[in-house]
Amino acid sequence: MNESWERRFRREVKEMDAALRGVLSRTQSDEELRASLEELARRPAFRSFTWLWGPALHARDRVRFRPLMLSCFSPGSVTADGKWGNPWLGENASALEVWLFDADRADDVEMFRRLLDWKLAGLRAPRQTEFWRTEVVRRVQQAPTRAARHTELAKMDIGWGRLDEPTALALDALDAEAARPFILEHLPWRGHRERQHVWNTLRERAQARGDAALASALYRRCVDEATWCRDALALARTVSSPAELVAALKAHHPETPMPGAARLFVELAEARGRDVVPYLLGHLQAVAPRWGALGRKDAKGFPELLALARARDWDDVWGALLRTSAMAETYDAEVLRLVQDDASLPARTRRRLLQLAGAGGEWNLPGLGLARVQPLTDATATALYARFPELVRGPFRMHVASSWRAAYPKLVMRALEANDEDLLDYLASRAAMHLPATGSAKEWEKVLNALAAHYEALPKEGGVFARRAANALGALPAYSIWTFDALMEKNRLARLFFLRSDDFYLAEPRAVRDLLEAPQIHVQALAFRLLGRDSAKAREVAAQNLDLLQSTLLRPLHRRTRHAAFDALANAAAHGVEAARVLVPRVRDAFALPDSRYPKESLMALLARMLARWPELRDATEVPHVFGLPAKGDGA
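Residues numbered from 1 in each chain as written. Predicted model: local features only at pLDDT ≥ 70, side-chain atom pairs only at ≥ 80, totals over all residues. Heavy atoms only, no water.

1. Here we look at the nonpolar core
Okay, so step 1: Within the largest apolar cluster, 134 residues are counted, with the highest numbers of intra-cluster contacts made by Leu493 and Phe497.
Okay, so step 2: Tallying contributions element by element places helix H34 (residues 559-575) first for this core, with eight residues.
Okay, so step 3: Aside from chain neighbours lying at most four places away, what touches Leu493 is Ala428, Ala431, Ala432, Leu448, Leu451, Ala452 and Tyr455.
Okay, so step 4: In this structure, Val13, Leu33, Trp53 and Met69 belong to the second largest nonpolar core, which totals 55 residues. (Core = buried A, V, L, I, M, F, W, Y, C linked by side-chain atoms within 4.5 Å. Buried < 20%, exposed > 50% of the residue type's maximum accessible area, 1.4 Å probe, protein only. Helix = DSSP H or I, 4+ residues; strand = E, 2+ residues; numbered from the N terminus. Contact = heavy atoms within 4.5 Å.)

2. Observations regarding the packing of helix H30 (residues 509-516) against helix H32 (residues 536-544)
Okay, so step 1: Relative orientation of the contacting elements H30 and H32 amounts to 55°, with a least axis distance of 10 Å. In this view, H30 runs oblique relative to H32, as classed from their interaxial angle. H30 and H32 meet at a crossing whose hand is right-handed. Contacts between H30 and H32 involve Pro509, Val512 and Arg513 from the former and Lys537, Val541 and Gln544 from the latter.
Okay, so step 2: Of the residues contributing to the contact of H30 with H32, the split by class is three nonpolar, one polar and two charged. (Axes fitted to C-alpha atoms, helices over the stretch in contact; angles between N-to-C directions. Parallel < 35°, antiparallel > 145°, perpendicular 65-115°, else oblique. Left-handed = near helix turned anticlockwise from the far one by under 90°. Nonpolar A, V, L, I, M, F, W, Y, C, P; charged D, E, K, R; others polar.)

3. Regarding the packing of aromatic side chains
Pairs of aromatic rings are described using the distance from one ring centre to the other and the angle between the two planes.
Okay, so step 1: In the structure shown here, the tally under the stated rule is 14 aromatic pairs.
Okay, so step 2: Look at Phe46 and Trp53: their rings are 4.9 Å apart centre to centre, the planes differ by 10°, and that puts the pair in the stacked class. Of the two residues examined, Phe46 and Trp53, each falls in the buried class.
Okay, so step 3: Centroid distance Trp132 to Trp160: 6.3 Å. Interplanar angle 50°. Geometry classified as tilted. (Phe/Tyr/Trp six-rings, centres within 6.5 Å; stacked < 30°, edge-to-face > 60°.)

4. What about helix H15 (residues 261-272)?
Okay, so step 1: Between its first and last C-alpha atoms H15 spans 16 Å; for twelve residues at 1.5 Å apiece the expected length is 16 Å, and the two agree.
Okay, so step 2: Of the positions making up H15, those classed as buried are Ala261, Ala262, Leu264, Phe265, Val266, Leu268, Ala269 and Arg272.
Okay, so step 3: Those residues of H15 hidden inside the fold are in contact with helix H13 (225-238), helix H14 (242-252), helix H16 (277-283) and helix H17 (302-311).
Okay, so step 4: Two residues or fewer past H15, Gly273 is found with a positive phi of approximately 65°. (Expected span 1.5 Å × (residues − 1).)

5. Examining the side chain of Lys155
Okay, so step 1: Within the secondary structure, Lys155 is located in helix H8 (residues 146-155).
Okay, so step 2: Residue Lys155 is classed as buried on the basis of its relative accessible area, which comes to 1%.
Okay, so step 3: A distance of 2.7 Å separates a polar atom in the side chain of Lys155 from a polar atom in the side chain of Asp107.
Okay, so step 4: Among residues more than four places away in sequence, those in contact with Lys155 are Asp104, Asp107, Val109, Phe112, Arg113 and Arg139. (Polar contact = N/O pair within 3.5 Å; in protein donor to acceptor, adjacent residues only side chain to side chain.)

6. A closer look at the pairing of strand E4 (residues 368-372)
Okay, so step 1: Taken together, the five bridges between strand E3 (residues 361-365) and E4 define a ladder with antiparallel strand orientation. Directly across from Glu362, in E4, lies its bridge partner Ala371.
Okay, so step 2: The antiparallel hairpin formed by E3 and E4 contains two residues in its connecting segment, where Gly367 sits at a positive phi of about 80°. (Pairing = 2+ DSSP bridges.)

7. Some words on helix H20 (residues 346-356)
Okay, so step 1: Along H20, the positions that sit buried rather than exposed are Thr349, Arg352, Leu353 and Leu356. One side of H20 holds all its buried residues, which, seen down the axis, span an arc of 105°.
Okay, so step 2: Positive backbone phi, approximately 120°, marks Gly358, located one or two places after H20. (Arc of directions from axis to C-beta.)

8. Concerning the environment of Asp61
Okay, so step 1: You can see Asp61 is positioned in helix H3 (residues 50-61).
Okay, so step 2: The spatial distance from the C-alpha of Asp61 to the C-alpha of Gln520 is 49 Å, given a sequence separation of 459 residues.
Okay, so step 3: For Asp61, the side chain forms a polar contact with the main-chain nitrogen of Val63, separated by 3.2 Å.

9. Examining the confidence of the model for the chain
Parts of the prediction with low pLDDT should not have their coordinates interpreted in detail.
Okay, so step 1: Averaged over all residues, the pLDDT of the chain is 91; the fraction at 70 or higher stands at 96%.
Okay, so step 2: Note on residues 192-196: pLDDT is under 50 here. Beyond four places in sequence and across chains, it has 15 contacts. (pLDDT = per-residue confidence, 0-100.)

10. Quick notes on the pattern of salt bridges
Any two side chains of opposite charge can pair, so long as their charged atoms come close to each other.
Okay, so step 1: Applying the stated criterion across every chain, the model contains 55 salt bridges.
Okay, so step 2: Among the ionic pairs, Arg500 bridges to Glu456, the shortest N-O distance being 3.1 Å. One end of the pair, Arg500, is in the loop between helix H28 (492-498) and helix H29 (502-506); the other, Glu456, is in helix H25 (residues 441-456), and 44 residues separate them in sequence.
Okay, so step 3: Taking relative accessible area as the criterion, Glu456 reaches 27% and is therefore assigned partly exposed.
Okay, so step 4: Salt bridges here are not isolated pairs; linked through shared partners, they connect Asp104, Asp107, Glu135, Arg138, Arg139, Glu152 and Lys155. (Salt bridge = Lys/Arg side-chain N within 4 Å of Asp/Glu carboxyl O.)

Here is the structure:
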């Protein structure tokens, strides 16, 4: 019978507790102790026993063991019986207090901050914040020099800590220069109840000494909507220079979302006209849709602001407002209104449509970027394509990307009738990555069947089909396919591209290179599979793409994908000695990679295949030696 996760967890923590106590009680050198702990650190329960091994290592040698303590430090604490608790109240409480005291005395900022955060986590939220604020002031008061005050503030720089105005005033009075960055970093959270009034006392003090940056930051974080609106309109009345007005409005713009921002923008625009447009363009994201009794709808004041921008021909404000702040229904209706406007000149209509195209917002993280794009309905997309097909092929392409809710059957049929290759390849790229949604299964079935029939009918001679299919696969975004097997089962177009066209791709080397350069890993895996086939053509095309294939030795890949890449590399090396001469040193270098999951045994097999085919590439250590009986006359 399989062990349940709960029983496995209890067994692992019990074993870890016993192993740690045994290692820590053993007489051994520091090097031996560190080696033993690094071995235990590979097991998942090790970090949960920081309360046990941390104080012991600190007492043994806090400098020698500091890297290990920091890299494996965890405030999550579990006992030998599998129960979570607060170790600062348990058997090691005194040892933890000594660890905290010593880190404080040694000014070990990073260690002290982690330990203090861990200790305070055992208090309730109000008491926790109260203690933190009191301790910050006490430490700054007792610090004899500015350098010491900087150190104490660094120790208390705990992420969740938020100041109130009395505490900030006390820090500012003790050392304004040292406290300034700390105060800015620990202002109340956006939307917190302590943010509901401006810190007027501290703000006035900062203004009096000329600290405009601190005063502005305090205002923008803490201002309420009524005060902001009153101050912004006062600026519009009193500041005559447009540049100075825009700068002042930016300095007063709150960091917290304000539901009435659109109404204020209307008043500013009516008061100062185009003078405030640079400010509006930079802050239209403050106008966000809201939830009402009947569902989501446009922000308060949004229709008035949109009408004002339209009436004054402020196309820049009008377009940005629709892209960033409108409901999808509002955006779609505005596009349809323009498309059906026969009274305006086509050039003007096209120019205004271009103002609406593009992303309305972006969120970028390391290795990941997201863009917010307003989608069009199938009817609007078809109408736009009928009048301005070049816009749908170009700037509005992202607005007609199919999703689980929208398959765009009418637009697909129109593009098929026009044999619009560019648009069809793009629509096919989006259709090939989706599982048919339950709510729109009929529409999806119609679209997938129509597109699959179109590509199946393309000529296979001359590489026509291969190039078109590779164009579609090359447009698949990275990380767009998550359930590949289910996609192959339910998506006819995806099956055609990924499973049923290998020979056609291989006959067109340019198409294979397009697949190798695609951002989607499943498309690259298709290329690896093609180039790893046991055929002369596969070996020839693999050698032609040696520059792209050799990079797979160093890239992070799934194990199955890496094996397919190894087969492609073996084919490239088998095609000619020059290709092998390039690859063999790269393969040898890959053995030094630290990734423990890298299939080194398969890498060894790849190198063996290359050296067996081209023995002249072996170095002295790779030449096999055959030993036999000594010849007659030799000494034995």
